[in-house]
Amino acid sequence: MSRSNVLGEYLRARRELTDPADVGLRAMGVRRTPGLRREEAATLAGISADYYLRLEQGRDRNPSPQVLRALARVFRLDDTATEHLLSLGAARPAAPGRRREAVPAGVRQLLDAINLPAFVESRTFEVLAANRRATAVSPNIRPGANRLRAIFLDPEEQALYPDWSQAAKGMVAGFRASVGSDVEDPRIVQLVGELSLASDTFRKLWARHEVAALAGGTLRLRHPRAGLLELRREKLPLSDSGGQILAIYHAEPGSDSARALEALGAEPPHAGPDARAHDSGTA
């Protein structure tokens, strides 16, 4: 992963993924490269081809928001991806030194008190704290584990997802949105480098530069003891935390999934061969 031209890399990736037919261009001759040509992207955005080339090559890293919004329209970006593009083009101050992340005591108490699987993750998807019910859903939801690493490198974690490829795609897009333009963080560089070497799927998804909002949604898991779980996932930002998220899983009241979650929560920590449970006391 290049740490010097994130804006140019993003523009090139999205240009190559844009179908000319989607922006009203007819196929003329044989295209040797996928997506739009640089000249086509520039014309559609109302800028010169030379200026667009400078953007992709990293020779101009602070274009105006108007230019970036015009390119977002050409590449048919949604609101989340447009905001991501704008953040890549914004001038950034030098990043402060990283401090060890800590989960507030009140939030850890909440994890212990809540009768649902819940955990706190960092902006790099490291689990900082988790209650026993969350670890019963997945042994990888435990302090010190990284959820991005788990979904690509742990076969048992992959088996939890009936549609693993879609889950992996969403995880990478969410990670892109979470870290934004802060690619010089050594933790991010190390994690992305490790996964790029270990997983062809991750490397290809990362190269697409897709982003997705860090929001709640539905979640389907095939649990080895509880069977198919159909859950809702809520993601609640923690204020003044440097990007920490409180995640909570819940099911439709009275449903089979709700009863299965309740049964999992009632199991002792040592129950089952894969129930490597950890409580939230370690952040």
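Summary of the structure given here. Being a predicted model, the structure only gives us computed values, none of them experimental.

We now examine the side chain of His 223. In this structure, His 223 sits in strand E3 (residues 217–223). Residue His 223 is classed as buried on the basis of its relative accessible area of 6%. For His 223, the side chain forms a polar contact with the main-chain nitrogen of Arg 225, separated by 3.1 Å.

What follows concerns helix H1 (residues 6–16). Taking burial as the measure, the 11 residues of H1 include 9 buried ones, the bulk of the element. Along H1, the residues that are buried comprise Val 6, Leu 7, Gly 8, Glu 9, Tyr 10, Leu 11, Ala 13, Arg 14 and Arg 15. In this structure, the buried side of H1 is in contact with helix H2 (38–45), helix H3 (49–57), helix H4 (65–74), helix H5 (79–89) and helix H12 (200–207).

Further remarks concern the packing of aromatic side chains. Under the criterion given, the structure shown has 6 aromatic pairs. Measuring from ring centre to ring centre gives 5.9 Å for Phe 152 and Trp 164, while their planes differ by 80 degrees; the resulting arrangement is edge-to-face. One end of the pair, Phe 152, is in helix H8 (residues 147–153); the other, Trp 164, is in helix H10 (residues 164–179), and 12 residues separate them in sequence. A relative accessible area of 21% places Trp 164 in the partly exposed class. Ring centres 5.3 Å apart and planes at 80 degrees place the aromatic pair Phe 152 and Phe 202 in the edge-to-face group. Taken together, the residues Phe 152 in helix H8 and Phe 202 in helix H12 connect sequence positions 50 residues apart. Across the ring face of Trp 206, the terminal group of Arg 176 is positioned such that the distance to the ring centre comes to 3.5 Å.

Now for the side chain of Arg 123. Tracing the sequence through the fold places Arg 123 in the loop between strand E1 (118–121) and strand E2 (127–130). Of note is the side chain of Arg 123, whose polar atom sits 3.1 Å from the backbone oxygen of Val 179.

Scanning the entire structure with this criterion turns up 17 salt bridges. Residue Arg 15 pairs with Glu 56 through a salt bridge whose shortest N-O separation is 2.7 Å. Of the two residues, Arg 15 is situated in helix H1 and Glu 56 in helix H3; the sequence distance between them amounts to 41 residues. Given a relative accessible area of 5%, Arg 15 falls into the buried group. Arg 259 is paired through a salt bridge with Asp 256; the nearest N and O atoms lie 2.5 Å apart. Here the residue Arg 259 and the residue Asp 256 both occupy positions in helix H13 (residues 256–266), the gap between them amounting to 3 residues, near one helical turn. Using a relative accessible area of 48% as the deciding quantity, one classes Arg 259 as partly exposed. Via salt bridges that share partners, Arg 14, Arg 208 and Glu 210 belong to a single interconnected network.

Parameters and conventions
- Residues numbered from 1 in each chain as written.
- Predicted model: local features only at pLDDT ≥ 70, side-chain atom pairs only at ≥ 80, totals over all residues.
- Heavy atoms only, no water.
- Helix = DSSP H or I, 4+ residues; strand = E, 2+ residues; numbered from the N terminus.
- Buried < 20%, exposed > 50% of the residue type's maximum accessible area, 1.4 Å probe, protein only.
- Polar contact = N/O pair within 3.5 Å; in protein donor to acceptor, adjacent residues only side chain to side chain.
- Contact = heavy atoms within 4.5 Å.
- Phe/Tyr/Trp six-rings, centres within 6.5 Å; stacked < 30°, edge-to-face > 60°.
- Lys NZ or Arg CZ within 6 Å of the ring centre and 35° of its normal.
- Salt bridge = Lys/Arg side-chain N within 4 Å of Asp/Glu carboxyl O.

Keep in mind these numbers describe shape, not what the thing actually does.
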